[in-house]
Each structure stands twice: as C-alpha cells, then as structure tokens.
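Coordinate analysis (summary)
Chain by chain, the residues run as shown.
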Amino acid sequence: MAEVSYRRASRLYPGSPPVRAVDELDLTVADGEFLVLVGPSGSGKSTALRMLAGLEEVDEGAIHIDDRDVTDVPPKNRDIAMVFQSYALYPHMTVAENMSFALKLKGESKSAIAERVRHAADLLELTPYLDRKPKALSGGQRQRVAMGRAIVREPSVFLMDEPLSNLDAKLRIETRANIASLQDRLGTTTIYVTHDQVEAMTMGHRVAVLKDGTLQQCDTPRNLYERPVNAFVAGFIGSPAMNLKTVAVGDGGAHLDGLSVPLPRATLASSGDTLTLGVRPESLRLAGAGEDGAAMTVELVEELGADAYVHGTVRVGKQAERFVVRADGRTPPKLGETVTVAITRPEEVHAFHADTGLRLPTG
Amino acid sequence: MAEVSYRRASRLYPGSPPVRAVDELDLTVADGEFLVLVGPSGSGKSTALRMLAGLEEVDEGAIHIDDRDVTDVPPKNRDIAMVFQSYALYPHMTVAENMSFALKLKGESKSAIAERVRHAADLLELTPYLDRKPKALSGGQRQRVAMGRAIVREPSVFLMDEPLSNLDAKLRIETRANIASLQDRLGTTTIYVTHDQVEAMTMGHRVAVLKDGTLQQCDTPRNLYERPVNAFVAGFIGSPAMNLKTVAVGDGGAHLDGLSVPLPRATLASSGDTLTLGVRPESLRLAGAGEDGAAMTVELVEELGADAYVHGTVRVGKQAERFVVRADGRTPPKLGETVTVAITRPEEVHAFHADTGLRLPTG
Amino acid sequence: MSTRSRKASAGLHITLVFASVIAVFPVAWVALTSLKTDRATWTRPEKLGTLGVSNYTQVLGETRFLTWFGNSLVVAAGTTVLGVLIAASAGYAASRMRFPGKRPLMWTFLVTQMFPAAVLIVPLYNVMSDLGLLDSYGGLILAQCTIAVPYCAWMLKGYFDTIPVSIDEAGRIDGLSPLGTFWRLIVPLARPGISVTVFYSFITAWGEVAFASVFMQSEGHYTLPIGMATFVSDFKAEWGLLTAGSVLVMLPAAAVFFLVQRHLVAGLTAGGVKS
Amino acid sequence: MTTFTTRPQAGVAPPVPPPRRRVRGLLTRHWYAWAMVTPVVVVIGALVMFPLVKGIYLSLTDATEMNSGRTIGVNEIPATYSFVGFDNYIDVLSGADGAFYSRLLWTVQWTVACVTLHFTIGLGLALLLNRAMRLRGLYRMLLILPWAVPPFVAAFGWRLILNEQGGVANSVLGLFGIDAVNWLGEPLAAKISVIMVNVWLGVPFMMVALLGGLQTVPKDLYEAAEMDGATAWQQFRAVTLPGLRPVSGTVILLGTIWTFNQFPVIALLTGGGPGGSTNILVTEAYERAFQGIRDYSGAATYGALIASMLVVFAFFYKRWLAKQSEEVFG
Amino acid sequence: DQSDAAAKAANDPQSVSGTVTWWDTSDATNESPAFKELVKRFEKKYPKIDVEYVNVPFDGADDKFKTAAQSGDGAPDVMRADVGWTPTFAALGYLQPLDGTPALDGADDYLPTPMKTNEYQGKTYGVPEVTDTLSLLYNKELFAEAGVQEPPKTWDEVETVAKKIERKVPGTTGIFVNADSYFLLPFVYGEGGDVVDTGSKRITIDSPAMKSAVETSKELSAGGIGTTDTSANKYTNMLDGFKSGDVAMMLNGPWSVSDILTGSAYADPDNLGVATVPGGPEGRGGPVGGHNLTVYAGSPDLAASYLFVKFMNSPESQALVAKENSTLPTRESVYDMPGVKDNQVVSQFQEPMESAKPRPSAPGAGDLYDLFTPFYEQIMGGQTPVSDGLKQAQRKAKGAVPGFES
Ligand SMILES: Nc1ncnc2c1ncn2[C@@H]1O[C@H](COP(=O)(O)OP(=O)(O)OP(=O)(O)O)[C@@H](O)[C@H]1O
Ligand SMILES: Nc1ncnc2c1ncn2[C@@H]1O[C@H](COP(=O)(O)OP(=O)(O)OP(=O)(O)O)[C@@H](O)[C@H]1O
Ligand SMILES: [Mg+2]
Ligand SMILES: [Mg+2]
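These figures come from a predicted structure and were not determined experimentally.

Rules used in this analysis
Residues numbered from 1 in each chain as written. Chains lettered and ligands numbered in written order. Predicted model: local features only at pLDDT ≥ 70, side-chain atom pairs only at ≥ 80, totals over all residues. Heavy atoms only, no water. Donors = N, O, S within 2.8 Å, 3.2 Å for Na, K, Ca; no water. Helix = DSSP H or I, 4+ residues; strand = E, 2+ residues; numbered from the N terminus. UniProt positions renumbered as here; feature names shortened; annotations may be inferred. Buried < 20%, exposed > 50% of the residue type's maximum accessible area, 1.4 Å probe, protein only. Pairing = 2+ DSSP bridges. Contact = heavy atoms within 4.5 Å. Buried area = accessible area lost by both parts, 1.4 Å probe. Salt bridge = Lys/Arg side-chain N within 4 Å of Asp/Glu carboxyl O. Polar contact = N/O pair within 3.5 Å; in protein donor to acceptor, adjacent residues only side chain to side chain. Nonpolar A, V, L, I, M, F, W, Y, C, P; charged D, E, K, R; others polar. Domains from an automatic or database assignment. Near = heavy atom within 4 Å. Areas by Shrake-Rupley, 256 points an atom, 1.4 Å probe, with all protein chains shown as cover. Core = buried A, V, L, I, M, F, W, Y, C linked by side-chain atoms within 4.5 Å. Axes fitted to C-alpha atoms, helices over the stretch in contact; angles between N-to-C directions.

**Describing the coordination of the magnesium ion (ligand 3)**
- Donor atoms from the polypeptide that coordinate the magnesium ion (ligand 3) comprise Ser46(A) (OG) and Gln85(A) (OE1), at 1.8 to 2.2 Å from the metal. Of this pair, Ser46(A) sits in helix H1 (residues 45-53) while Gln85(A) sits in the loop between strand S6 (80-83) and helix H2 (95-106), and the two are 39 residues apart along the sequence.

Quick look at the structure:
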C-alpha cells in the first residue's frame, strides 16, 4: 500500500544542549514490508515512529510516503494507524467506542464498524470488555485496546510501539501470530517497535537497530544475528547477549585463557594490539573433562527449563571477565564449580575493531 | 523483614455483576522471599498487589504483614514500596526529585538521599536524566524512574508490577540481575509481577500462578515447570507453551498418531475416555528418517538464532492438531515439509484430566 | 483503604455545616425580608411583622420583571454560549499549539482585565454605536463576552493543560482535525473546567450592571439588575420588591449551577495513558 | 527495497534532498491556531483594544468631557484637548493630588487580604467537597449560593446585617455579650467589613474553580504518594498543589487583578466610606470618570497606573510560577 | 433641518410628527404611573407623535445620558435631569436652549428659585418639573412631651430643644445630623456661604462660612444633643430612627414624607411637623432640589420634544402629578389648584420652599457634594479636625468646576 522513507530525518528536542533523539535517519521501508525497530531504551524508536505519524516535528530532512513528501502533512491525512507506547486511549469512551472511533470518522457504515470491531475484539480476547471504560481495565487489557484501535483501521501504514509488552506470554504469542498474519493478508507496511528479541527475530522481514538516535544496521533477522555490522548490534541482538571481550591479538589469532581463535591476516592487520571478540552463549558449551577450553568459575545459573544459562568468570589476561554459556537445563553445573568452556563452532566467533566497533572478517 | 499473607482475600470491583478480580486469595510470602506472580492479562495480579499496598479495598478476607492485620491500615503505614504498572510518576518533579521524594518524607539527610539516588540512578542507567521531568523521557526511561523510586526506599516489602516490561533485553537482564542481588542483599520480601517467562523462572524463589483471580499453584520455578498442578499452569509456564492435546485413552496409554505414551493404570482409571496430554516443545525433537514418531506438516518456523521453533500440524484422530517442536536453529526444516516428530524423554510427558484439568500421575 | 474515622467525618460535616450557614445566612435574610409585607419591619431584625407573598405577586404582576428576566436569560445564555465557545477554542490553541502571537494574546487577556471598566466605557460605547450594536442583545452579549472571555480562556487553557497530550495525538492519528480533536476529545474530558467557566460566564452576565445599564436604552431591553435598580430611587428603596426580585433572580443561577455541577466529576482522564 | 543503511560517513554522503529550510509562509503553518483564536481576537480587539489604546493615549493629554470631541445630533464638536506628556502621571505620583499613596497602601492590603482569604478558604472548602460523603451535592449548592446572588443584592443584604443599630450581626454579638460594632461607620471596622463581604462573595467562585481543578489531578499520583509514605498534608503539598497549579495560578492571578479593581463591592457596601477609608485606587478612576465634568485624562492616568502596576505584578508572578513549573505557561 | 422647529411647534403643533424618547428618572413604582398617564394623554392630544417612555434608574442616569449624548447615538429626546445635573449638561452642549420655544410657554408662572437652576450663561436649558427642598422635620408628640411649643428657628435653638428633649424623654435623640454634605447646605447657607462663589469664581470649601457650618453641625451631633452616622446606611438609619420616634428632629425633604408616614410614630399623620430649616447668622434656607425637563440638543424631533415638555409641564399636568405623587409643583399657579392646595405635603412644604436657595449654576458644582462628603464624614466621625478636612477637600476639588480656582 505504501512505501515509507525517512530521508536524513532528525528530531531535536529543545533543551540545552538539544537532545538529538533521532539523528539523520535514512531508512526506506518497502511497500508491504514488516520492519521491526529495536534499540536500547531511549534510542529514539518512539520518536522515529512519531515523526512518521506526523506527531513530532521533523527538524531536519524529510519523510516520504510513496514518494510524496509528507513532512508537513497533518497526521490525519497520512492514513496511518498507530499503537502508542502509552496507549493513549480515549478515557471517556468504552472499549468498543475507542476501537470504532476512527472508522466512524471515516464514515463507515454502522454494520461494517460493528463487524470489524467484533472481529478485532475476538482476535485480542477483548469481547467481554467491550462496554467497559479504560479505567476499569487491567494494564494488559488497555494495551490490547490500543492495539485493537489500530488494527480495525486497515490503514496503509501501521506503527506499533511495543504493542505487546504488557501481555502474558501466551497471549503475546497468539497476538504476535495474529498480527503477522493480518499484516501478511493486508500487506500493510508496518513498523513495529519491540524489546522482545523473539518478536524482533520472528516478525520482521527486516530489523532496524537504533542507538542514540542513529541507525546502526537494517537487515534481515538472520543477517543481523549472523553478521552484525558492529559490536553494538552484535551485543544487542540475541538473548542472552553475545559475550564481547576485548582481547590481545597474538600471532595468527586472538587468545583467551585456554581458547584461541585463529583470525585472517587482514583482520589482524587492521586491528591494533587488541580487538573485540564476540561469542554467543549458544556458541559456547561446557566441555567434558580433559577437553580444551577456558576455565570458568560458575557464579549464577539461570534455569529456564530446557536450557540453563551459566554465568561465570574466566581469567583473561590479568582480569576476570564474565561469560555466559548455554548449558543443558537438566544438568546444570553448581554454583562455585569450575567448568571448562569450549567454543562449539569456531565459525560463529565474531571479531570487531576495538575502537570503532566495526566488524572485522573472521575467516 | 516481613512476612506477608493474604488470608482468603477478595476484591470485587463494583459492576453488574461485580468483577471478582481477586478471589479468596490464600498465599503466604515468607520473610525475605522473592515471589513472582504470573497469570494471564486481567487475572488479578495488579489488583492483588494493590490490595497488599492498601490501595484497593479488601472486600473479603484479610491481609497480614508479620501477623499484624493490616487490612485497614493506610498504605503509608505499611512500609511498602511499589512500582506501578502505569508508573504514576510525579509529573512536576524531576527524575531525581521523583526518586528522592519518599526519602525526603522520611526525613533522611540530604547527603544520604543524594547518595542513594545516585546509586539507584547508576543501577538503572538514569544518571544523565536526573534533571529531566518525566514528560521528556522515553517510555523505558519512565519505567526505570518508577523502578528507581521504589528501590531507593529500602522498605520491608517490595511490590513490583511489570517493572521491566518496557526495557530492552540487555538492560532488562542487567536490571533483573541488579534487582535480584539487591533483594538478596537487603532481604526484602518482594512480590514481583511479570509476563516474562525468563524473569519468572529466574528471579523468583517461588512463582504463584493466578487465573481469573484464583490462585492456581505456588511453587518453585522448577516444580512449576516440571510438575504443574493442572493443564492451565502447564500451558502457561514455559515458552513456547507446552503442547496440550486431548487424546483418546487406549490400552496402556494414550495414543497420538505415531506416538504412544504409556500411562500408569491409576491414571488411566481416573481419567475417562480421553485425557489431556502435555509435551513441551523442548521435549520433542525432529526425528531422523525411519525413526518412530508422528508425521507433522511444517507451517511456520520461528528462527531464534540458536534454536528454531517449528510449528506444524499432526493428525490426531480425525483432526489436525498444531504442535510446536524445538529444533536446531541452524538446520531448520522448510515450510510445507513433512517431518517426523519424536518425544525426546518420555518421562517429560504430562497428563491431565480432560475435564478438571488436574494433573494425573504419569510414571 | 481505611474508612474515615467517625471523628474526622463529624469534623468534616461540622465544618461544612458551619460554612454553609455563613454562605446561606445573608441570602436567607434577604429571602426573609422578601416575605415581610410590613414596611416597618424591613430593617428590624427582631420583628417579623406579617409574612406573605405579596411582594412576589407585586414583582411578577405589576412590574416588567418577566420581560427583564427574559432579557437577562437571553443575554446570559448568549454570553455563556458564545463566550465559552470562543474562549475554549482560544484556550485550546494556547494549550496545545505553538504559534506566533500566543504569548501576546494571553497577556492581552490579562491586560484587558487590568483596566478599570470606567475608563473604557465611553470609547466602548462609541465603538458599539459605530457598529450599530447599541440597545441590542447582540451588542450586550459581545460586551459581556469581553468580561467573560479572558477569564474563561485562561482557565480553560489551565484545564486543558491537565489533559494528556497523547490523547489528542491518538485522535489526530484516528483522523481528527485539530478542531475535531477539540470537540470530540478535549471538550468531553475538560467537562469540570468547562462547567466552571459556563457557570462563571452565566453568573457574570446575569448580574452585570455597568455595561447593561449603559448599552440597553429601551426599558423593554433592560436586564434584571437594571430593571431592579428602578425599584431603588434616590432616597427610597422598595425593599420588598428588591428582595423578592433578588430571590427570583437567584433561582435561575442556582438552577444553572445545579445543571452544570454534575459535570464536576473526577477522574475523567483516568486510564487513558500511562506515564 | 533498500539494503541496510548505516549512517553515511562524512565525505561519502549519498545524494540527499537539499536541507529544506522552512520557507513556507507563517500562515500555512499556523493558520489553524490562528483560526481558533480569531473569534476571540476579533471580539477583544474590536471592543477592548481600541478603547484601551485610546485610554492610554488620553492619559497623556488633558482631555476632559469639556474639551473632547462630541457628536450631538448632526453637530460635531471637535476635540480641543492637547498632549501634555507625562504631566498627569507626575501629578499623581508626586502625591500632589492627595491620597494616592495612602490609598495604594490600603488597596494592596485589601487585595492581599481578599485574595489570600479567597484562595485559602476556597481551597479548603474545595478539598472538603472533593471527598465522597453524604450530602455533598447539598453542601455544594449551599456553598455556591453567594455567587448566585447579584452583587448589588448581596451588598444591600449585608448592609442590613451589618447596620450598627438593628443589624443582625450586632444582635448576634450581643448574645455573646460583645458590644455592638459600628461595622460600616468606623474606618477600621468598615475595612474589615468590606473584606469580609468580598470574601463571602468571592469564595464560592474560587471554590468551584478549584473544585474543577481538583477533578483533573490524576488519582494514581495520590496512590504513589501514599506508597511513598506521604501524610495527607504531604500529599496535598506534593500532588494536589502542583496538580492544581495550572488552575490555581490562573485564579490567583486573575483574582488579584479583579480584587485590585473590585470597586463595585466597596461602592455598594460602604460607598467608599466612612470618610473614604475604604476607597481603593480604582475609586479615583471612577470618580474622575463619572463625577461632574468627566476627567478623561485623569481617569485614564489612574487606569494606566493601575494596569501597569498589575502588569508588573503579573510579570513577576508568572516568572515565579514558571520557575515552579514550566507546564503552566507554555 | 430643525432650525424652524420652535416655530413649527408653536404655530402648527398638530402637524408635528415624530417620536419622543423620554428618560424618566422618577421612582418607577410610586411616581411613574402619574407620568405614564400624562404620556398617554399627550399621545392622544398629538396623535402624530409617539412617545417612548423609558424609566431609567436615577442612580447613574446622568452617566448614561452623558455617555449617550456625546456619541450622538442613543440619547433620549427629553431627559428628566436633576437640578444639579442641568448646568453640567448645558455646559457640555448636550442641551437645547429652550428660549423662544413652546416649551417655555408660561415661564413666568414658574417659581423663580427652581427656574434658576435651568439657566446657564444667559440661556434657559430646561423647565423645572418638580421641586423640593430640605426642611426641618420633627415629631410633634416629642416636642409636646418636652414642653417645646415652636419648632426652632436657629441652630442654637435646635441645640436647646434637642437637649431638652433628650433630657425629658430618655432614650430619644434630639436631632439626627446626616453626615452627607448635601444635608450640610442649610448650615452653610445659614452662614451665608456656599461651596462655590460664582462671583469670584472660586471653590469655597475652606471658607470660614463652611468652617463654622461644619462646626455647628458637629456640635449638634454630639452626645446629649443629637447623633450622626457616617456609614453608608446613614440616610436609612436617620429615617428609621425618625419613623420609630427615637429621633425627634431631622433635616429632610418632601420625598421622605410618604415613607415617614408608614412609621409607627406617625400613625397619626398630624404628628409630623414640618418647618423651614433653622438658620444661622446670615439667614435661613435649604437647597432647592428637584428635577428639570430638558431637551437633548441632538434630538431629531425637536419640535415634538418642545411640545412634549410643554405638555408635561402644563399647569394641569403638574397638578395631576402633585396630587398623585405628593411632590411640589414648580408653577405658582398650581399651588392653588384643587387637589394640590389641600395636599398636606404640598402645603407643609410650601413655606420652606419659599426660603429655598438656588444652587450655583456652575457646571460641576453639583458634584462637589459627592466630593466633599468623605471629608465631612471624617470630620463628623472625629477622625479629622474640621479645618484639616476642609483644607484637604479644597485641595481635592481642584479642577472639579471648570473655570473655578481652588
Ligand atoms: N475499576 C475496575 N472496575 C471493574 N473491573 C476492573 C477494574 N479494574 C480492573 N478490573 C478488572 O479486574 C481484573 C483484574 O485486573 P488486574 O489489573 O488486577 O489484572 P492484571 O492481572 O494486573 O492484568 P495485566 O497483566 O493485564 O495488568 C481485570 O479483568 C480487569 O478488567
Ligand atoms: N520531550 C522531550 N524532551 C527532551 N528529550 C526527550 C523528550 N522526549 C524524549 N526525549 C529523549 O529522546 C530520546 C529518545 O526518546 P524515545 O522516546 O524515542 O526513546 P525510545 O527509543 O522510544 O525508548 P523506549 O524504549 O524507552 O521507549 C530519549 O533519550 C529521551 O530521553
Ligand atoms: Mg519508546
Ligand atoms: Mg496489571
């Protein structure tokens, strides 16, 4: 329905110094694409969404929808539906009224409205609450109303700002699937902010990573996971986070206690004395006795049922570095125990420039 | 510092019929315990917290803190700190003022306040925002302020209502760890509402599961995961959810396409013609060709990096049932492919009464 | 939540009863006087004389009270509707939008209130005369608006400021124009504030004397206060008519308050946003 | 579809749209806001601004009713007054024309007393009425009543009540063995009386305005404050007052302005007496504007002086308020 | 063109057409019915002329008129103006000189003193409609009880009488001195002074005459003789005291009589004594009051207005008003007419009326009373010494009467 593009768009919140909440964002979302926007808290995700919606001024640059410069177009003429992070429900309207409001404004017929609201309420399990006012709802129910208000609209662009953060896992998964299939069916261009790694990795055609208002990388989830452009993205994507350690560069590779990682000559040349090595917890394993590996003292074991994440310290040079290793959930090590950590697949080790953080080839 | 107990406490929101948001809740949280409260959206978690805080009337039953009946004690005399689901920040105070307000009221010295606020801000990465008003913060920053306001207090009971839902994964994990260690250090009795399975499983000494205002089970995370008392808890705990299917009971066990699950005689006797079988995705695997198992048509593959969850349908009797199976993230099956699903460990299969949903012994 | 203790509750009621007595007493005194048919007892608190409604029948039957009453109603209602409407739209603009001229506008509202009306009345009269608005409801309504609007605009801006902006934003996304947002979201949510300004405008226009006495020239256009001033001559006040009239004057004001006070309800914006 | 984009490094910037400068007319940008304020601007501008500007101009002349332009039927009598600069102001401010400074003192006392009492009593009652309780509607109606009484009626009522002989006030005092007070005939008592009556008249307005303001204070903030251990008083300080600020700031500001110029109540109750002791500054403007040969320039001078004092007050008050919270004045 | 309006009205009254708007400031409840009746009669007599009768509250009517008059829009054709307002209106050019118009028909029949209030700079701007003056009103019964036969003729006698009454009839007040400067005028006239001196064109509030007048009045308000009241209720309190028989003497005008007669002490109307105000060394007399009928200079219907004024002030009309309202007519001939002659109020006040003094015809002078009252109150209330108060008032009066120095 619509292609959306930010063209070096910036938003400066007044202050001294002004806060560059979004900084020269250059990003095109293709027609029908489902783009997930992630980034640390305060990185400008909401701001970017609000700029596209027309709620926030664009201080520099421009925003286009379908090649039309909408920078100064009022929100109502952009045909965008949005789920606000703060919900922003109409407190004086019932749930049903909240959801049907936009449709009423569009002049849809009563029966069509009722039908669409009914359907959305079904999808979001809100049917029992249609006659309640927002203030008599639980947090998650409110969030679902905010969601429902957007999805009844069938606009050309969906903006969703952490729309599922307050839902329980089960409902979240269901709703996630529903959103995905709805988006698929309608082909509505969607920008979706989330902090949930699973949502980010499963829902988006592409994922854009923001940090301090600047775009770090925008790519498919798999590429992002496998080939992060810099240490920030590498550390941000994946949960628990990738183990990122700055290590000394020796001959032929980097070395870390009992582990050594061979690196291409070019990489070694472009890095200085040190570089940042990244290994995901799932690329590490607890090695059996006698195997090669680094010795780690177990400090914390997070049991998740099937898996356990083992946190511990490894001596790297003169200092102790914390590492996380994924282990089998049924046979976790004990606290205080010393275990041997080995790299499962050497090809899954990442290297980044110690200063710039940029990715270096690993082989 | 304090033992907390709900004694058949109920809360009825007025309406016709009244909403029993919390229904005869009977729950004791030991001194220094970290209790996680989970449940579907709208199950009464916030209400239960607010009752304990004294913000919601207790319509039936009583609430005790340290054997003192506090049912009619005003909130300020309960020495409880709370993180509100809706944040409820003071809009006219800066972040620092928001956090130091309670301490000021307690008459703490200026320097002590400054020290504690600084420390909390550090912990929550709020230091750069101490002088801002809430309205100039992002959603996640606001949530952190709400959190900060509670943790500076060092009260005898912490109540936290989804305090991390709007934080990014990295910060969430850090904060989670910080809260856990803080709680550990201070020994403050804590009730913590979350929708995050990982938080629920990792943080709580015990986890209480609510549904429609009634307590389903309260036990250690491991017990909850391994021995859910009923089908609801089984389905609710764990992500993706346990595969729960009602199957026909045959001789010696239950049967499901190519899989058969032997069950004890007692179980078979107490169930009727059917029972509900539960298998977690991680207890299933994609079997190699030729192995025994059920044939599943792949419909959706969620790739998470290390793992992939494979969703598909299996013919059970005359109908197609959806199943989720955990598979290796590097070699996921293709959509539309037919794979064979096998049970990894038969002892991890759960059985529940088809009507009451109560757990039946499996071995 | 602990129920209020018996003692606190008693204290509350005692305070309110005491305040109510002070508030009502002078009014009641006027009402009592209106029932005294004996001239000699009007200024004699200890004497009741004979009581009766003859003052009322006289006011209603022998004076043009009903005409004046009607005029006042037209003017007060007109001022209320027009004044609150334009003040609300200005207040909304001032609360939600940044535009050049906003600060001067708000200051102007203040400054117009600072100048004693006495200084303005002659030039204002001439303006009215040029506009052909003398001795007309429209003219008086406009003049009354100059009193009511600045206050209403300021107050409404204050009330609007307390409504979360993101509710407007949601409305704009849903397809509302700024005016639509104002009408369909802000006005319903600012009901307490609007009630206050409605009542203020009504009462102000209802009891206003200075403009009404100068601008309304034919007796058929007098408003109540002006009409009732004819009961007071230089050296003699028709206390009976005056007080009976006063009681009758208060009734619509009380009725208006009764109608609008229902909208003084709390928590209208609760549940809308989290912050 | 684009490939991923990182922030362009300096020097390798891809072609981007030229930095747009907002050269759109102010009109296209702000027409909506302006459209919304236009009705007000028209009404105020046409009806008040011209007279106001004219008033300020007149204060720099020696205009009186005698030398101002008049239209009498078909005859136009041209104006013959002349520009005198700041003479009028010098006259007044030098104290040469009599009681300016003593009257200013009383005006300030009157304003401070009235506004303080209006606000504190009004707020107190609003807080009481804001609680859920029985008979709330009735109390509201009764407490609002003084506002519904036209001031001239109220003043006459009070004159009856406060009369030295035969007034109910003194009768009541008599019951307690207190000597009759000459409420309206003795300067100090008269000052107290006018303040009392003005408070009686003005409290309901404050009460209702603040009651309206109280409804807008989010309830969850009280909950947060309760959790933080705030007593009722501390909640009032930390939640109620700041929440009320947009409303209370306005009512105090306007209340001050109105009270400063609140001549009608005084005129109706004491006629400014006894011996002019209750006359406030604005009386002077009224007298000059309405007594004898109207002294337009004199009245305007007083008007302008009063207005400028109030402007100064408003300026500092707003600054003070803004320091308390940026939200109030955008 | 209205230059021939006077001629037209005089020569062919029946052909005159138009609308006359009349602002009547009389008491709407008690007095206006008589005027409305006259209006009806006028319209019958001149069918082509419509009269729009408007009752304007007396308080503020002058402002309303002045404001309307200066703009040329909204002013009435005929205005009932207080005698104190007339010179001011005339000086401002708002009034049409009536010399040579039918409105002045039979001018020599008017009582000279009230008539004088219409003259300004040699022209006549109105005709007196009703008149009044202050007199000494007293309670005959109390006088009899105290053994006083005659009403006092001088302020000294007032003092003696008052003392006697207070002594003989405990609980009564000898005389109630109204601390309003209009009520001070008899004292001032008794000293031969006034608030302005039209000869030397000077405001004379600080004159010795004023000083001794104020001193006299203050003396009379002292305990043992009389009392005063400086509150806004002073007039009502004076009247109430007098009505109930607590006060033996006061200065007041004919307008108060109907009210007084409702008082408990005057169940028998004969108990009310009316006498010319007491005098001082320089004579006796009260200020003349009352109202004039004036014509707005900008009236589009001058001819009709002249006729209206003429009709309203014809002897028959005056007689009707006097009879109905018990007010004093301004035409000498009317006093002898039936229904007037036997009207008690009219006859009681006829004598005081004869010694009434005209008010200075200087614009603005009529407002010096309002200006002086606060100072007078201060003096009577004992907050300011007499001479200080007078001096301050004199200073304050600067510029109040154009062309007069202060
Ligand atoms: N004021 C109210 N009036 C009526 N019902 C209410 C009110 N507040 C909450 N409820 C209902 O009570 C139930 C419990 O609400 P509660 O807020 O405790 O849920 P919760 O478990 O915290 O849910 P969530 O995870 O969505 O925050 C919900 O179904 C909600 O709709
Ligand atoms: N009104 C404002 N004034 C100044 N700074 C602001 C304002 N609003 C937001 N900011 C700042 O701008 C930055 C970006 O905010 P934004 O809300 O876009 O973050 P976000 O990525 O949505 O974060 P979150 O995940 O916490 O919601 C934050 O650092 C925030 O503090
Ligand atoms: Mg955000
Ligand atoms: Mg909740």
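Still to come is the rest of the account.
**Some words on the UniProt feature "transmembrane region" (unreviewed entry) in chain C**
Residue and element names in this part refer to chain C.
- Within the UniProt annotation, "transmembrane region" (unreviewed entry) is assigned to residues 12-32, 73-93, 105-125, 194-217 and 237-260.
- Helix and strand shares over residues 73-93 are 100% and 0% respectively, and the end C-alpha atoms of the span are 30 Å apart.
- Along residues 105-125, the helical share is 90% and the strand share 0%, with 23 Å between the first and last C-alpha atoms.

**A short note on the pairing of strand S3 (residues 34-38) of chain B**
Residue and element names in this part refer to chain B.
- S3 sits mainly inside the fold: five of its five residues count as buried.
- Burial along S3 is two-sided: Phe34, Val36 and Val38 facing one way and Leu35 and Leu37 facing the other are all buried.
- Pairing of S3 with strand S9 (residues 206-211) involves four bridges; the strand directions are parallel. Residue pairing across strands places leucine 35 opposite arginine 206, the latter belonging to S9.

**Considerations on the sheet that holds strand S21 (residues 359-360) of chain B**
Residues and elements named next belong to chain B.
- A sheet is described by the order of its strands in space; here six strands give the open sequence S13-S12-S11-S14-S20-S21, paired in antiparallel fashion. Because the sheet does not close on itself, it has two edges, and the strands there are strand S13 (259-262) and S21.
- Two elements, strand S11 (residues 243-250) and strand S12 (residues 253-256), share two bridges in a ladder whose sense is antiparallel. Residue pairing for S12: glycine 250 is matched across the bridge by glycine 253.

**Looking at the interface of chain C and chain D**
- With 94 residues of chain C at the interface, the matching set in chain D holds 93 residues.
- Buried area between chain C and chain D, both sides added, is near 8,200 Å², and the carbon and sulfur share of it is 81%.
- Three residues stand out in chain C for area buried against chain D, namely Leu16(C), Met114(C) and Phe115(C), and they jointly supply 8% of the buried area on that side.
- At the junction of chain C and chain D, the tally comes to zero salt bridges.
- Where chain C packs against chain D, one counts 12 residue pairs in polar contact (both at pLDDT 80 or more).
- The biggest single contributor to the side of chain C that touches chain D is helix H1 (residues 6-35) of chain C, with 16 residues.
- Of the residues assigned to the side of chain C that touches chain D, the class counts are 72 nonpolar, 17 polar and five charged.

**With respect to the UniProt feature "domain: ABC transporter" (unreviewed entry) in chain A**
- Per the UniProt record, "domain: ABC transporter" (unreviewed entry) is annotated on residues 7-237 of chain A.
- A helix fraction of 37% and a strand fraction of 25% characterise residues 7-237 of chain A, whose end C-alpha atoms lie 25 Å from each other.

**Remarks on the domain arrangement of chain C**
- Looking at chain C, the domain boundaries give domain 1 (1-52) and domain 2 (58-270).
- Between the C-alpha centres of domain 1 of chain C and domain 2 of chain C there is a distance of 29 Å.

**Remarks on the site of ligand 1**
- Not every one of the 22 residues close to ligand 1 is listed here, only the nearest: Arg132(A), Ser138(A), Gly140(A), Ser46(B) and Thr47(B).
- Proximal residues around ligand 1 fall on chains A and B, making this an inter-chain site.
- Gly44(B) has a polar backbone atom sitting 2.9 Å from an oxygen atom of ligand 1.
- Within the side chain of His195(B), an N or O atom sits 2.9 Å from an oxygen atom of ligand 1.
- Coverage of ligand 1 by the protein chains reaches 90% of its 640 Å² of free accessible surface.
- Of all the secondary structure elements, the ones that give two or more residues to the shell around ligand 1 are helix H4 (139-151) of chain A together with strand S2 (19-29) and helix H1 (45-53) of chain B.
- Partitioning the shell around ligand 1 into residue classes produces six nonpolar, 12 polar and four charged.

**Section: the side chain of Thr101(E)**
- Locating Thr101(E) in the fold gives a position in the loop between helix H4 (86-91) and helix H5 (112-116).
- Once you skip the residues sitting within four places of it in the chain, Thr101(E) turns out to touch Ala6(E) and Tyr306(E).

**Concerning the nonpolar core**
- Ranked by size, the top nonpolar core spans 256 residues in total, and within it Leu52(A) and Phe215(C) carry the most contacts.
- Considering each element in turn, this core owes the most residues, 15 residues, to helix H7 (residues 187-215) of chain D.
- If near-sequence neighbours (up to four positions away) are discounted, Phe215(C) is found in contact with Leu124(C), Tyr125(C), Met128(C), Leu134(C), Asp135(C), Leu140(C) and Ala143(C).
- In terms of nonpolar packing, the next biggest core, distinct from the first, is built from 80 residues, Phe143(E), Ala319(E), Val340(E) and Leu368(E) among them.

**So, unusual backbone geometry**
- The omega torsion of the bond from Ser16(B) to Pro17(B) falls at -5 degrees, within 30 degrees of zero and hence cis.
- Tracing the backbone shows Pro17(B) in the loop between strand S1 (4-13) and S2.
- A positive phi angle, close to 50 degrees, is found at Ala88(A), a residue other than glycine.
- As for its position among the elements, Ala88(A) is in the loop between S6 and H2.
- Positive phi is not limited to glycine here, since Asp79(B) has a value of about 55 degrees.
- With respect to the helices and strands, Asp79(B) occurs in the loop between strand S5 (68-69) and strand S6 (80-83).

**Description of the sheet that holds strand S17 (residues 307-316) of chain A**
All names here are of chain A.
- The strand order across the open sheet formed by five strands is S15-S19-S16-S17-S18, and the pairing between neighbours is antiparallel. The two strands at the open ends of the sheet, each matched to only one other strand, are strand S15 (284-287) and strand S18 (319-328). Strand-to-strand, the axes of this sheet are offset by a mean angle of 45 degrees, without reference to chain direction.
- As paired strands, S15 and strand S19 (residues 338-343) are joined by four bridges and run antiparallel to one another. Within S19, the residue paired with arginine 285 across the bridge is alanine 342.

**Structural notes on the domain arrangement of chain A**
Residue and element names in this part refer to chain A.
- Each assigned domain of chain A is listed with its residue range as follows: domain 1 (4-231) and domain 2 (241-353).
- Between the C-alpha centres of domain 1 and domain 2 there is a distance of 38 Å.
- Contacts between domain 1 and domain 2 engage six residues on the former and five residues on the latter.
- Looking at the side of domain 1 facing domain 2, the largest losses of area belong to Tyr225, Pro228 and Ala231, adding up to 86% of the total buried there.
- If you look at where domain 1 meets domain 2, you find zero salt bridges.
- At the junction of domain 1 and domain 2, the tally comes to two residue pairs in polar contact (both at pLDDT 80 or more).
- Here the element with the most residues in the side of domain 1 that touches domain 2 is helix H7 (residues 221-226); it accounts for three residues.
- Classifying every residue of the side of domain 1 that touches domain 2 by side-chain character gives four nonpolar, one polar and one charged.

**Side note on the interface of chain B and chain C**
- In this assembly, 12 residues from chain B lie in contact with four residues from chain C.
- For the pair chain B and chain C, the two sides together bury roughly 680 Å², of which 49% comes from carbon and sulfur.
- Where chain B packs against chain C, one counts zero salt bridges.
- For the pair chain B and chain C, the number of links is one residue pair in polar contact (both at pLDDT 80 or more).
- A class-by-class count of the residues in the side of chain B that touches chain C yields four nonpolar, four polar and four charged.

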